[in-house]
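# Chains, contacts and geometry: an overview
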Amino acid sequence: MSSDIQCHVREKLSDSRLFALQLDESTDISKKCQLPSYIRFIDDDSVIEQFLACSELPTTSTGADLYDSMSNTLTDNGLSWKNCLSVCTDGAPAMTGKFKGFVAKVKQNFPNVGSTHCFIHREALMVKTIPAELKSVLNLVVNMVNFVKSRALKTRLLKEMCHEAGSKHDTLVLHTEIRWLSKVAYLADIFYHLNYLNESMQGKEENFLTSSDKLKGFLKKLQVWKRHVENKSLKMFPLTFDIDPQGDITAQLVLNHLTDLEDSMAQYFPHTSFDKYDWVRNPYATSSESTADLSLEKEEQLAEIQEDRTLRLKYNESPLIRFWMYAKTEYPVIADEAINILLHFSTTYLCELGFSALTNIKNKKREGLLSVDQEMRVCLSSIRPRIEFLCTKQQAQVSH
């Protein structure tokens, strides 16, 4: 089944169509370095996000090793770096090192290939800037959870103790001092908002334009929250508000942390103008600045699209990338440019899903599994094996 899926993907990509990649590396339970990769491309009128391979790195995992492994994967699937629009990776030195990282190796040989540092990974780095006063509380909670969860007996004893005390909860015991409780509540509130942001940047057809919009929206919310916290209003953090409704205890602490988060966003998401792509988001509301880099032919086709009322109806009814696929029939040059921009991955969330699957596939009882790539392809592929076709190639066992 794995071979059939791989063959089917190769057939779909055989006409040298353009594609985008995302990849990340991790260590499995047997301490082997695995490099899963995914590909995004257009097939007919659909956007395909497909598992490509999971390659094992036998020794080191330097930028050169990652580049060689990925190059072999592309060759095995009949692909070429020349048709790659961009690669999305995390920020590990082996991936994004300025001189010897994987991305640097790609650009040395194929300078037209773009690169994206995973938005979710940068958001995770941003969240690490927790003030010492909150960090100590978070560490204490982590230690408590680890202590309770380290033994099944401790978990059962804790649950019984909570029941005897009449507690509504039976999983954690929190110190009753209100200042300590309010810090835990605030951490729960802010991580809820951050997790929501994280989740919103995952999903099919998510691209760096939509992800950047969500990040800018979160930055605006930080500024709104700061203004309210300065007036000791904590209603945007419901758990904290229940414990400290007047904001007498935690307002300054929350304000300091929101300021740190805002500064971290500026560091990990430096201001990048996406205004030049406004014509992609909305071809019916463009400015001269957003079309300044377009060629004459592309500007001419964009002008025609703006007066095409049938397409305007499609724009209001369809997802953005599907609108451009529909427009490609009559306006191929400008539509191809828009589609290529929207194909770029903004996160490596598919790789994270792959790591979860890898944990289940290669567990303690299957540490010696050699067919990791094949099993992950069957498990994670959006293109399913052609079962009927495979059956026709098999000889039925005739009973005697």
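Residues numbered from 1 in each chain as written. Predicted model: local features only at pLDDT ≥ 70, side-chain atom pairs only at ≥ 80, totals over all residues. Heavy atoms only, no water.

### Some thoughts on the overall build of the protein
Within the protein one finds 19 helices and six strands. Referenced to the eigenvectors of the C-alpha coordinate spread, the extents of the protein come out at roughly 75 × 65 × 45 Å. Relative to its 400 residues, the protein shows a buried fraction of 45%. Total accessible area on the protein stands at roughly 21700 Å², and carbon and sulfur atoms take up 53% of it. Separation of charge centres in the protein, based on 47 positive and 52 negative side chains, amounts to 6 Å. (Helix = DSSP H or I, 4+ residues; strand = E, 2+ residues; numbered from the N terminus. Buried < 20%, exposed > 50% of the residue type's maximum accessible area, 1.4 Å probe, protein only. Areas by Shrake-Rupley, 256 points an atom, 1.4 Å probe, with all protein chains shown as cover. Lys, Arg positive; Asp, Glu negative; His and termini not counted. Charge placed at Lys NZ, Arg CZ, Asp CG, Glu CD.)

### So, the confidence of the model for the protein
Per-chain confidence: the protein averages 85 in pLDDT, with 94% of residues scoring 70 or above. Residue range residues 173-180 is modelled with pLDDT below 50. Its contacts to residues more than four positions away, or to other chains, number 16 contacts. (pLDDT = per-residue confidence, 0-100. Contact = heavy atoms within 4.5 Å.)

### So, the environment of Leu313
Tracing the backbone shows Leu313 in helix α14 (residues 309-317). Among the residues examined, Leu313 registers a relative accessible area of 53% and is labelled exposed. Measuring from C-alpha to C-alpha, the distance between Leu313 and Leu21 comes to 32 Å, with 292 residues separating the pair along the chain.

### Brief notes about the pattern of salt bridges
This model, assessed by the stated rule, comprises 14 salt bridges. Among the ionic pairs, Glu206 bridges to Lys214, the shortest N-O distance being 3.0 Å. For Asp278, the salt bridge is made with Arg281, and the minimal N-O distance between the two is 3.6 Å. Taken together, the positions of Asp278 and Arg281, both in helix α12 (residues 278-281) and three residues apart, correspond to about one turn of that helix. Members of the salt-bridge network, linked through shared partners, are Asp4, Glu11 and Arg386. (Salt bridge = Lys/Arg side-chain N within 4 Å of Asp/Glu carboxyl O.)

### Structural notes on the packing of aromatic side chains
By the definition in use, this model includes 14 aromatic pairs. Ring geometry for Trp81 against Phe102: centres 6.2 Å apart, planes inclined by 55°, an arrangement best described as tilted. Residue Trp81 is located in the loop between α2 (63-76) and β5 (84-89), and its partner Phe102 is located in helix α4 (residues 102-109); the two are separated by 21 residues in the primary sequence. Comparing Trp81 with Phe102 shows no difference in burial state: the two are buried. Between Tyr315 and Phe323, the ring centres sit 5.3 Å apart and the planes meet at 80°, which makes this aromatic pair edge-to-face. Members of the aromatic cluster, joined through ring pairs, are Trp279, Tyr284, Tyr315, Phe323 and Trp324. (Phe/Tyr/Trp six-rings, centres within 6.5 Å; stacked < 30°, edge-to-face > 60°.)

### Overview of helix α13 (residues 296-306)
Within α13, burial applies to Lys298, Gln301, Leu302 and Ile305. Summarising the axial view, the buried residues of α13 lie within an arc of 105°, below the 170-degree limit, and thus occupy one face. Looking at the buried residues of α13, the elements they touch are α12, α14, α15 (320-327) and α16 (332-342). (Arc of directions from axis to C-beta.)

### A short note on the packing of α13 against α16
Contact geometry of α13 with α16 gives a least axis separation of 8 Å together with a crossing angle of 95°. Looking at the two axes, α13 sits roughly perpendicular to α16. Contact residues: Glu297, Lys298, Gln301, Leu302 and Ile305 in α13; Pro332, Val333, Ile334 and Glu337 in α16. Of the residues that constitute the contact of α13 with α16, the class distribution is five nonpolar, one polar and three charged. (Axes fitted to C-alpha atoms, helices over the stretch in contact; angles between N-to-C directions. Parallel < 35°, antiparallel > 145°, perpendicular 65-115°, else oblique. Nonpolar A, V, L, I, M, F, W, Y, C, P; charged D, E, K, R; others polar.)

### Looking at a negative patch on the surface
On the surface, a cluster of negative charge is made up of Glu297, Glu299, Glu300, Glu304 and Glu330. You can see Glu299 is positioned in helix α13. Overall, Glu299 belongs to the partly exposed group, its relative accessible area being 37%. (Patch = residues over 30% accessible without salt bridge, like charges linked within 9 Å, V, L, I, M, F, W, Y side chains within 5 Å.)

### Structural notes on the nonpolar core
Here is a general trend for soluble globular proteins: nonpolar side chains tend to be buried in one another's company. Judged by nonpolar contacts, the single largest core of 71 residues is most densely connected at Val229, Phe237, Leu258, Trp279, Val280 and Trp324. Beyond its immediate chain neighbours, meaning those up to four positions away, Val280 contacts Leu209, Leu320, Trp324, Ala338, Ile341 and Leu342. (Core = buried A, V, L, I, M, F, W, Y, C linked by side-chain atoms within 4.5 Å.)

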